[in-house]
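Single-letter residue listing:
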Amino acid sequence: MAGTQHQDPPLKGVRVLEFAGLAPGPFAGLLLADYGASVLRLDRSPTHPSTDQLTRRKTSICVNLKSPSGLALIKKIIPTIDVVIDPFRPGVLEKAGLSPEDVLLKINPRLIVARMTGFRRDGKYKDMAGHDINYIAVSGVLSLFGRKGEKPYPPGNLMGDFAGGGAMCFLGILLALLAREKNGFGQVVEANMVDGSAVLASMPRLGLKTEVWKRERGTNMLDGGAPYYDTYETKDGRYMAVGAIEPQFYAALLKGLRLQPSDLPGDRDNRADWPILKNFFTQKFKTKTRDEWEKIFDGTDACCTPVFTHDELERQGHEQRPAVTLKSTPGYAVHEGNTGRDAAVGQGTGVEGSGWSEKGLKAGDGGEETLKQWLGWSKGKQYSEEQGVLVWQDSAKL
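In this text the structure is predicted, and so the values were computed from the model without any measurement.

Enquirer: Would you mind showing me how to read the environment of L32 here?
Expert: Positionally, L32 belongs in helix 1 (residues 24–34). Taking the C-alpha atoms as reference points, L32 and L174, separated by 142 residues in sequence, lie 9.0 Å from one another. Sequence-distant contacts of L32, defined by excluding residues within four places in its chain, comprise L11, V16, A37, I85, F170 and I173.

Have a look at this one:
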C-alpha cells in the first residue's frame, strides 16, 4: 500500500570503493547504490573529467595511484570498507601495488574485491583491448543477432557491458556478501563479459541443437523468423511488437486484425509459409496508425503492444523504478516524487532527472563528506590536497 513505512534498503551500511571506469564497473556500483550501499568513486584527477553517467547517489575523491601518498591514503581506507570495484584490465591493480590477494585482503580479510574484465582473465585474449562487440563476439553470442542473409549486428552495448558485465558483477558481489555472512571472510570476485554474456545466451545456445533455434540466423522462432514474433511498421511509420506464440494468443491477434484463419495466405505451423505470412502481416499493420492498433489490442491476450521510444516514455511521465521490488526493504526510488510510495516505486524522493537524464559526477564532488561520514576524517588532519588530488599525511594519527 502507498505510504507504507519500509525498512532500510538491504545494502544500507555497505561501503563501496569504486575505481573510476566505463560502463560495467560503474553500473555494478550504481546497482549497489540503488539498494542502499554508500559508493565512493576514486577518480584520477580533476583534469581527467569522467564521462560516466552511471553516478546516481555516488560521491568522488581524486587520488593519484602512482603517488606513494595517494596509495597510502587508499590503504588507510581499505580496512573500513566492504567492497572494491576494479574495472581495469588484468594486472593494473597489481602494478599499482594494490594486489587483491597480496595487499588488499591482507589489510582487510573481510574485503570483497570485484574485478570486472571484458575477456576472460585466463583466456587467449586476456592482454588485448576490446569493447562489448568483441567480448560477445568471442563468446558466440553476437552470432545470434541479425536478420536472415545479413551480417551479425551488435545490440548496442547492452549484452556485454551491462547484462553480461555489470549486472553479473553485481550478482557476484551479492553472493560474496552472502558467503561472508556465513564464514566471516571476503574474497575476490572475477566477472568477465565473455562468460557473463554466454550464460545469458543459455537458451538459444542449447536451442541450437533443437527445433527451437537450429536454423540460419533470422529464420528461427524467436530471432525474427516467425511471423507471429516480430515487429511491424504502422501507417504512421511507427511500430507494433507481436509475440503471439501460443495458438490462443495467435487467435486473439487475428481477431484484433479482423482476420479469419481462412483469410491467411499460409499456415503458421508450416515454416515454408512464414515469409508469405510476414509479408501479409506487414501490409495489414500498415493500414492503421500505431495509436489505432494500440486501442484495438490494449486489454487483450494478443501479445501485441506498441514499440515506444524513450523520448515518448519520458514525455508520458513513465516512471523509472529500481530493478527489482523488495516488498519490505525496497531500494531507493529513481523517479522524483514524495517519500510515501509503494515498494515497487522505491523509497525516498528519487533523484534529479528521474532516470531520464544525469548531470554526472564531477571528480572530487562530495567525496570528502563521505570520508567524514565513514571515518571521521577531515582535510588537514588525516589527509591534505595537492593539485586537486588527496594524499595521506604522514603525520596523521588515527
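Having seen it, we continue.
Enquirer: Could you clarify how one ought to interpret the environment of S197 in this entry?
Expert: Here S197 lies in helix 7 (residues 193–200). Each C-alpha atom of the pair S197 and K58 lies 27 Å from the other, and the pair is 139 residues apart in sequence. Filtering out sequence-adjacent residues up to four positions away, S197 remains in contact with I136, S139, V141, M159 and G164. At a separation of 3.2 Å, a polar atom in the side chain of S197 contacts the main-chain carbonyl oxygen of V194.

Enquirer: What is the right way to read the sheet that holds strand 6 (residues 187–192) from this model?
Expert: Two modes of strand pairing occur in sheets, parallel and antiparallel, and in both the strands are linked by backbone hydrogen bonds. Spatially, the 6 strands line up as an open sheet ordered 3-2-1-4-5-6, and their pairing is parallel. Looking at the sheet topology across the chains shown, the edges are occupied by strand 3 (59–62) and strand 6. The average undirected angle you get between the axes of adjacent strands in this sheet is 20°. Sheet analysis places strand 5 (residues 112–117) next to strand 6, joined by 6 bridges and oriented parallel. Considered in strand 6, the bridge of T117 is made with N192.

Enquirer: Can you walk me through the packing of helix 10 (residues 247–256) against helix 12 (residues 290–297) in this structure?
Expert: The relative placement of two packed helices is expressed as an angle between their axes plus a distance between the axes. Where helix 10 contacts helix 12, the two axes come as close as 10 Å, and the packing angle between them is 125°. Comparing their axes, helix 12 and helix 10 come out oblique. Here the hand of the crossing between helix 10 and helix 12 comes out right-handed. Contacts between helix 10 and helix 12 involve A252, L253 and G256 from the first element and W293, I296 and F297 from the second.

Enquirer: Would you explain helix 1 in this entry?
Expert: The periodicity of an α-helix, 3.6 residues per turn, causes residues three or four places apart in sequence to face the same way. Burial analysis of helix 1 places 11 of its 11 residues in the buried class, the great majority of the element. Of all the residues in helix 1, the buried ones are P24, G25, P26, F27, A28, G29, L30, L31, L32, A33 and D34. Elements that come into contact with the buried residues of helix 1 comprise strand 1 (15–19), strand 2 (38–43), strand 4 (83–86), strand 5, helix 6 (158–183) and helix 7. After helix 1 finishes, the residue G36 shows a positive phi value of roughly 110°.

Enquirer: Explanation requested: the nonpolar core in the structure shown.
Expert: Within soluble globular proteins, side chains that are nonpolar generally end up buried alongside one another. Core analysis: the largest hydrophobic core is formed by 31 residues, its most contacted members being L11, V16, L32 and I173. Elements with a contribution of two residues or more to this core: helix 1, strand 4, strand 5, helix 6, strand 6 and helix 7. Core analysis: the next-biggest nonpolar cluster, separate from the first, contains 27 residues, F19, L40, L93 and Y383 among them.

Enquirer: Where do I start with the side chain of D82 in this structure?
Expert: Looking at the element boundaries, D82 is found in the loop between helix 2 (68–77) and strand 4. Polar contacts involving the side chain of D82 include one to the main-chain amide nitrogen of R15, which spans 2.8 Å. Dropping the residues within four chain positions of it, D82 is found in contact with G13, V14, R15, R110, L111, I112 and R180.

Enquirer: Sorry if this is basic, but what is going on with the sheet that holds strand 8 (residues 239–243) here?
Expert: Taken together, the 3 strands give an open sheet; going across it, the order is 7-8-9, and neighbouring strands pair in antiparallel fashion. Taken across any chain shown, the strands that pair with only one partner, and hence form the sheet edges, are strand 7 (229–233) and strand 9 (304–306). For this sheet, the mean angle separating the axes of adjacent strands, direction not counted, is 25°. As defined by bridge partners, strand 7 adjoins strand 8 across 5 bridges and the pair is classed as antiparallel. In the sheet register, D230 faces strand 8, and the bridge partner there is V242.

Enquirer: Where do I start with the pattern of salt bridges in this structure?
Expert: Side-chain pairs of opposite charge can arise whenever the charged atoms involved come near each other. Taken as a whole, this structure holds 26 salt bridges when the rule is applied. R238 is paired through a salt bridge with D291; the nearest N and O atoms lie 3.3 Å apart. Note that R238 is positioned in the loop between strand 7 and strand 8 and D291 in helix 12, a separation of 53 residues in sequence. In this structure, K359 and E352 form a salt bridge, with 3.7 Å as the shortest nitrogen-oxygen distance. You'll find K359 and E352 in the same group, each marked exposed. Among the charged side chains, a network of salt bridges with common partners joins D236, R238, R290, D291 and E312.

Each value, and the rule that gives it
Residues numbered from 1 in each chain as written. Predicted model: local features only at pLDDT ≥ 70, side-chain atom pairs only at ≥ 80, totals over all residues. Heavy atoms only, no water. Helix = DSSP H or I, 4+ residues; strand = E, 2+ residues; numbered from the N terminus. Contact = heavy atoms within 4.5 Å. Polar contact = N/O pair within 3.5 Å; in protein donor to acceptor, adjacent residues only side chain to side chain. Pairing = 2+ DSSP bridges. Axes fitted to C-alpha atoms, helices over the stretch in contact; angles between N-to-C directions. Parallel < 35°, antiparallel > 145°, perpendicular 65-115°, else oblique. Left-handed = near helix turned anticlockwise from the far one by under 90°. Buried < 20%, exposed > 50% of the residue type's maximum accessible area, 1.4 Å probe, protein only. Core = buried A, V, L, I, M, F, W, Y, C linked by side-chain atoms within 4.5 Å. Salt bridge = Lys/Arg side-chain N within 4 Å of Asp/Glu carboxyl O.

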